[in-house]
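One letter stands for each residue in the lines below.
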Amino acid sequence: MFIRRNALQVFVPKYAMEGFIFFPKSGGYVYNEKEAQVQFGPVLLRPLDRVTVELSLEENKEKVLFRLVTPAIPELREP
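Residues numbered from 1 in each chain as written. Predicted model: local features only at pLDDT ≥ 70, side-chain atom pairs only at ≥ 80, totals over all residues. Heavy atoms only, no water.

S.K.: Where do I start with the side chain of Gln9 in this structure?
M.R.: Tracing the backbone shows Gln9 in strand E2 (residues 7-12). Apart from residues lying up to four places away in sequence, Gln9 is in contact with Met1, Phe2, Arg4, Glu18, Gly19 and Phe20. (Helix = DSSP H or I, 4+ residues; strand = E, 2+ residues; numbered from the N terminus. Contact = heavy atoms within 4.5 Å.)

See below:
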């Protein structure tokens, strides 16, 4: 849905859920505030780009975790 300075906001229509995939604190990406887009090497993400996410449930906190599957960005593989 949206690109934030530190996260990708996603919406999963099948479950009517939205959540965040946070970017690494160490950097490794370029955020363009004017265009609201972020670039990880050759991969450019813009608002409303279609992505595939994996949903999982955090055991102890009953929290849904979102993990980016495609496009494949190694920095965003871990929840």
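Having seen the structure, we can now continue with the description.
S.K.: In this structure, what is going on with the pattern of salt bridges? I would like to understand it.
M.R.: Two side chains of opposite charge can pair, provided their charged atoms sit close to one another. Considering all chains together, one arrives at three salt bridges under this definition. Note that Arg46 is salt-bridged to Asp49, the shortest N-O span being 3.9 Å. On the basis of relative accessibility, which here comes to 28%, the residue Asp49 falls in the partly exposed class. Here Arg67 makes a salt bridge to Glu54, at a shortest N to O gap of 2.8 Å. Highlighted residues: Arg67 in strand E8 (residues 63-70) and Glu54 in strand E7 (residues 52-58), separated in sequence by 13 residues. You can call Glu54 partly exposed: its relative accessible area is 37%. (Salt bridge = Lys/Arg side-chain N within 4 Å of Asp/Glu carboxyl O. Buried < 20%, exposed > 50% of the residue type's maximum accessible area, 1.4 Å probe, protein only.)

S.K.: Can you walk me through the sheet that holds strand E3 (residues 17-22) in this structure?
M.R.: Backbone-to-backbone hydrogen bonds pair the strands of a sheet. The strands run either parallel or antiparallel. On the basis of which strands lie adjacent, the open sheet formed by three strands has the order E1-E2-E3 and antiparallel pairing. This sheet does not close on itself; its edge strands, each paired only once, are strand E1 (2-3) and E3. As judged from the six bridges shared by E2 and E3, these two strands associate in the antiparallel manner. Looking at the pairing, Gln9 lines up with Phe20 of E3. (Pairing = 2+ DSSP bridges.)

S.K.: Sorry, what's going on with the packing of aromatic side chains here?
M.R.: Two numbers describe a pair of aromatic rings. These are the distance of the centres and the angle of the planes. Enumeration over the complete set of coordinates arrives at four aromatic pairs. When the ring of Phe23 is compared with that of Tyr29, the centres are 4.9 Å apart and the planes differ by 55 degrees; the resulting orientation is tilted. Since its relative accessible area comes to 6%, Phe23 is described here as buried. The rings of Phe23, Tyr29 and Phe40 are connected pair by pair, giving a single aromatic cluster. (Phe/Tyr/Trp six-rings, centres within 6.5 Å; stacked < 30°, edge-to-face > 60°.)

S.K.: Would you mind showing me how to read the environment of Val12 here?
M.R.: With respect to the helices, strands and loops of the structure, Val12 is situated in strand E2. In sequence terms Val12 and Met1 are 11 residues apart; their C-alpha atoms lie 9.7 Å from each other. Apart from residues no more than four positions distant in its own chain, Val12 is found in contact with Met17, Val53, Leu55 and Phe66.

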